[in-house]
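# Residue-level structure breakdown
Listed below are the residues making up each chain.
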Amino acid sequence: GAGVSQSPSNKVTEKGKDVELRCDPISGHTALYWYRQSLGQGLEFLIYFQGNSAPDKSGLPSDRFSAERTGGSVSTLTIQRTQQEDSAVYLCASSLGGGGTEAFFGQGTRLTVV
Amino acid sequence: AQSVTQLDSQVPVFEEAPVELRCNYSSSVSVYLFWYVQYPNQGLQLLLKYLSGSTLVESINGFEAEFNKSQTSFHLRKPSVHISDTAEYFCAVIKVSGTYKYIFGTGTRLKVLA
C-alpha cells in the first residue's frame, strides 16, 4: 500500500480481555516500530524490528505485551489481560532502516479498556 | 541511553507572530535529530531533520531548526505562524549507529490564535 496501515482504528475491550493490533508497513521497509501515545506522555517506545535481527523489546512495559513480525512484513502487537492503564493510541511506523531515514507512521489504533 | 526534553507542553501564539519550540536532548553518542508534526486527527509526519552538514535546516512550510551541539539543543522556529500551523510537534533523536530506535519528547502543542 501507499502508507502504513493499522487495524482496527478503534478498539474498545473489557478489562482482562486480550487484544491484537495489526500493522501493515510500507512495502520494502525493513524497520518497523511500535509506539504508545498517551495524553501528556508523548510517544513511548515499545518495540523495534529490523530485518531478521532479534527485536529490541526494551520498551515493552510488562510481560502482558508481546509483538511479532511475520515474514519481515506484517506485525501484530498483542496485549494480554488488558488493564485500564493500557488505554492509549498505539502507533506503528516503518522505515527503510538506518539512522537517517524517515519513519512513516500509521494513523494508529485507539484502544479503550473499560 | 538517549532522552529528549520538550519543556513546553503548550504554546499559544497569535497569528503572524514568531514562535520557538524548544528541544533539548541527552546522549553519550552522536545522534540524528528530527521534528515530527501531528495535525489534528492526523498521523505523525516528518517536518525536518538534521543529519550532518549545515546546522540550520528548513522545512517547506517555513519552519527551521538549528542544531547546537554545545547546548545539545534543536529548537524549532518560525518567524510568522499561521492558523494552519496549529498542531502537536515532537522532537526526536536516533543514534547514528547501532540500534535505530527513535526516542521522542513529550510533544509541544502549538495553538495559533486569530
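Residues numbered from 1 in each chain as written. Chains lettered and ligands numbered in written order. Predicted model: local features only at pLDDT ≥ 70, side-chain atom pairs only at ≥ 80, totals over all residues. Heavy atoms only, no water.

## What about the overall build of chain A?
A tally of helices and strands in chain A yields 0 helices and 10 strands. When the helices and strands of chain A are placed in sequence order, the string is β-β-β-β-β-β-β-β-β-β. Since a compact globule built from 114 residues should have a radius of gyration of about 13 Å, the 13 Å found for chain A is in line with a globular shape. Projected onto its principal axes, the C-alpha coordinates of chain A cover approximately 40 × 30 × 25 Å. Split into buried and exposed, the 114 residues of chain A put 49% on the buried side. Of the contacts formed within chain A by residues at least 6 apart in sequence, a portion of 55% connects residues at least 24 apart. Carbon and sulfur atoms make up 45% of the accessible area of chain A, which totals about 5400 Å². (Helix = DSSP H or I, 4+ residues; strand = E, 2+ residues; numbered from the N terminus. Rg over C-alpha atoms; globule rule 2.2 N^0.38 Å. Buried < 20%, exposed > 50% of the residue type's maximum accessible area, 1.4 Å probe, protein only. Contact = heavy atoms within 4.5 Å. Areas by Shrake-Rupley, 256 points an atom, 1.4 Å probe, with all protein chains shown as cover.)

## Describing the overall build of chain B
When helices and strands are counted, chain B shows 0 helices and 12 strands. Scanning chain B from its N terminus toward the C terminus, one meets helices and strands in the order β-β-β-β-β-β-β-β-β-β-β-β. In terms of principal-axis extent, the alpha carbons of chain B reach across some 45 × 30 × 25 Å. Within chain B, the fraction of its 114 residues that count as buried is 47%. In chain B, the proportion of contacts linking residues at least 24 apart, taken out of those at least 6 apart, comes to 57%. Within the structure as shown, chain B displays about 5600 Å² of accessible surface, and the carbon and sulfur contribution to it stands at 49%. The positive charge centre, built from 9 side chains, and the negative charge centre, built from 9, are 12 Å apart in chain B. (Lys, Arg positive; Asp, Glu negative; His and termini not counted. Charge placed at Lys NZ, Arg CZ, Asp CG, Glu CD.)

## A short note on the packing of aromatic side chains
Residue and element names in this part refer to chain A. As enumerated under the stated definition, the model contains 16 aromatic pairs over all chains in all. Taken together, a centroid distance of 4.9 Å and an interplanar angle of 20 degrees make the contact between Y33 and Y48 stacked. Here Y33, found in strand β4 (residues 31-38), pairs with Y48, found in strand β5 (residues 42-50); they are 15 residues apart in sequence, far enough to count as distant. Residue class for Y33 comes out buried when judged on its relative accessible area of 0%. (Phe/Tyr/Trp six-rings, centres within 6.5 Å; stacked < 30°, edge-to-face > 60°.)

## Remarks on the side chain of T82(A)
Residues and elements named next belong to chain A. Of note, T82 is situated in the loop between β7 (75-79) and β8 (88-95). Note on T82: relative accessible area 0%, which makes it buried. Within polar-contact distance, the side chain of T82 engages the backbone oxygen of K17 at 2.9 Å. (Polar contact = N/O pair within 3.5 Å; in protein donor to acceptor, adjacent residues only side chain to side chain.)

## Topic: the pairing of strand β8 (residues 64-68) of chain B
Residue and element names in this part refer to chain B. Side chains A65 and F67 of β8 all project onto a buried face; the interleaved residues E64, E66 and N68 project onto a face where none is buried. When strand β7 (residues 56-58) meets β8, the two strands line up antiparallel, connected through 3 bridges. Along β8, the bridge assignment pairs E58 with E64. The hairpin formed by β7 and β8 contains 5 residues between the paired strands, and G62 there has a positive phi angle of roughly 95 degrees. Taken together, the 5 bridges between β8 and strand β9 (residues 73-78) define a ladder with antiparallel strand orientation. (Pairing = 2+ DSSP bridges.)

## What about the interface of chain B and chain A?
With 22 residues of chain B at the contact, the number on the chain A side is 22 residues. A buried area of about 1700 Å², summed over both sides, lies between chain B and chain A, and 56% of it is on carbon and sulfur atoms. Summed over the shared surface of chain B and chain A, the number is 1 salt bridge. The partner of D56(A) in a salt bridge is K101(B), and the shortest N-O contact between them spans 3.3 Å. Across the contact surface, chain B and chain A share 7 residue pairs in polar contact (both at pLDDT 80 or more). At the level of secondary structure, the elements contributing two or more residues to the side of chain B that touches chain A comprise β5 (31-38), β6 (44-50) and β10 (87-95) of chain B. Examining the composition of the side of chain B that touches chain A, we find that 4 residues originate from one element, β5(B), more than from any other. (Buried area = accessible area lost by both parts, 1.4 Å probe. Salt bridge = Lys/Arg side-chain N within 4 Å of Asp/Glu carboxyl O.)

## Side note on the sheet that holds strand β1 (residues 5-7) of chain A
Strand pairing in a sheet relies on backbone hydrogen bonds. The paired strands run either parallel or antiparallel. Residue and element names in this part refer to chain A. Spatially, the 4 strands line up as an open sheet ordered β1-β3-β7-β6, and their pairing is antiparallel. The open sheet has two edge strands, β1 and β6 (65-69), and neither has a second partner. Averaged over all neighbouring strand pairs, the angle between strand axes comes to 15 degrees, with direction disregarded. Bridge count for β6 against β7 is 5 bridges, and the pairing is antiparallel. What sits directly across from F65, in β7, is I79. (Axes fitted to C-alpha atoms, helices over the stretch in contact; angles between N-to-C directions.)

## Let's talk about the nonpolar core
It is characteristic of soluble globular proteins that their nonpolar side chains tend to be buried jointly. Formed by 29 residues in total, the largest nonpolar core has its most connected members in L33(B), W35(B), L47(B), L48(B), F74(B), L76(B) and Y89(B). Elements supplying a minimum of two residues to this core: β2 (10-14), β3 (19-21), β5, β6, β8, β9, β10 and β12 (108-113) of chain B. By size, the runner-up hydrophobic cluster in this structure holds 21 residues, among which are Y35(A), F90(B), A92(B) and Y100(B). (Core = buried A, V, L, I, M, F, W, Y, C linked by side-chain atoms within 4.5 Å.)

Shape is all these values report; function is a separate question.
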